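# Structural features, examined
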Amino acid sequence: EDRSQGSNAAQTRGSGPCAIMFCMGFAIQKGVVRNLVKRNVTPMYITLTMFAMGYILQNLSQLVFGSVPRKFDSIIPGLEIQLAGIQVQPEAIICVVVSLIIMVLLQFFMNKTKLGTAMRAASMDPMAAESVGVDVSLISGLSWGLSSMVIASAGILCGPIYSVSMVLGANLGAKAFAGAVLGGYGNMIGAIIGGLAMGFIETFVSGYISSDYKSLIAYIILILFLFIKPTGIMNERAIQDV
């Protein structure tokens, strides 16, 4: 009964933030990014603007909710999982399973649906996409909203593991970006592989050396790997504007 109530609570707790984040991502694209693109601003300046907005939102959240980290309730209360004699948080396994499910769904969505095809076309060549009837402005807003929903789901799943704070997104975002680069930036499957690799590296460093150095050693290994194979594990080359 407790698990059933926890599952229902998780569904309720998850749908609200995901919907809010979709609207926020859509609004940011329409209110900020689109205006910057109209002024022919380079992608680097757009990226810097997003970093600035991230800091603004962090500080606004701190003013509203305070700076003390808050414990997020377990998604499935009372569930204990043992793997090889080691107790594992159910959220850790759920994160892996949900990540794989989202990856498969996004792959299907982007490659097998008209909307997904329109998104890929708009990202590759907006002018050509518009010439065949794609509403690039709307598609761009939906893409940002969809990305924000995925981010919200990640925060919900990772909240019980790390606790909720204003810097949770920044810390996880840095590791996620490192994992994406390691796997092959721009390749969805590579991002999953790279993220798992970074996680295993940090876990082994924590277990055999010290948890104080897990992030340091993980990023050093990342840099050394990119010297050897700069395109990442899945051999994906980043698209550059010329």
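### Brief notes about the packing of helix H7 (residues 168–183) against helix H9 (residues 214–228)
- H9 packs onto H7 with a crossing angle of 25 degrees between their chain directions and a minimal axis gap of 10 Å. Of the possible angle classes, the one that applies to H7 and H9 is roughly parallel. The handedness of the crossing between H7 and H9 comes out as left-handed. Here Ala174, Lys175, Ala178, Val181 and Leu182 of H7 lie close against H9, whose contacting residues are Ser215, Tyr219, Leu222, Phe225 and Leu226.
- A class-by-class count of the residues in the contact of H7 with H9 yields eight nonpolar, one polar and one charged.

### A closer look at the environment of Val136
- Relative to the helices and strands, Val136 resides in helix H6 (residues 136–162).
- Considered as a pair, Val136 and Asp125 are 11 residues apart in the sequence and their alpha carbons are 9.8 Å apart.
- With sequence-adjacent residues up to four places away left out, Val136 is seen in contact with Ala122, Pro126, Ala129 and Glu130.

### Notes on the environment of Ile46
- If you trace the backbone, Ile46 turns up in helix H2 (residues 43–65).
- With 12 residues separating them in the primary sequence, Ile46 and Arg34 have C-alpha atoms 9.9 Å apart.
- Leaving out residues up to four positions away in the same chain, Ile46 has contacts with Val33, Leu36, Val37 and Val41.

### Some points on the side chain of Lys30
- Assignment of secondary structure puts Lys30 in helix H1 (residues 2–38).
- Salt bridges are absent for the buried Lys30, whose nearest opposite-charge side chain, Asp135, sits at 6.0 Å.
- With residues up to four places along the chain from it excluded, the contact list for Lys30 reads Asn35, Ser137, Leu138 and Gly141.

### Focus: the nonpolar core
- Counting eight residues, the largest nonpolar core consists of Met110, Ala118, Met119, Ala122, Ala129, Val134, Val136 and Ile139.
- Secondary structure elements with two or more residues in this core: helix H4 (114–124) and H6.
- In terms of residue count, H4 provides more of this core than any other element does, three residues in total.
- Sequence-distant contacts of Ile139, that is, excluding residues within four places in its chain, are made with Leu115, Ala118, Met119, Ala122 and Val134.
- Residues Ile201, Val205, Ala218 and Leu222 belong to the second largest nonpolar core, which totals seven residues.

Reading guide: rules and limits
- Residues numbered from 1 in each chain as written.
- Predicted model: local features only at pLDDT ≥ 70, side-chain atom pairs only at ≥ 80, totals over all residues.
- Heavy atoms only, no water.
- Axes fitted to C-alpha atoms, helices over the stretch in contact; angles between N-to-C directions.
- Helix = DSSP H or I, 4+ residues; strand = E, 2+ residues; numbered from the N terminus.
- Parallel < 35°, antiparallel > 145°, perpendicular 65-115°, else oblique.
- Left-handed = near helix turned anticlockwise from the far one by under 90°.
- Contact = heavy atoms within 4.5 Å.
- Nonpolar A, V, L, I, M, F, W, Y, C, P; charged D, E, K, R; others polar.
- Buried < 20%, exposed > 50% of the residue type's maximum accessible area, 1.4 Å probe, protein only.
- Lys, Arg positive; Asp, Glu negative; His and termini not counted.
- Salt bridge = Lys/Arg side-chain N within 4 Å of Asp/Glu carboxyl O.
- Core = buried A, V, L, I, M, F, W, Y, C linked by side-chain atoms within 4.5 Å.

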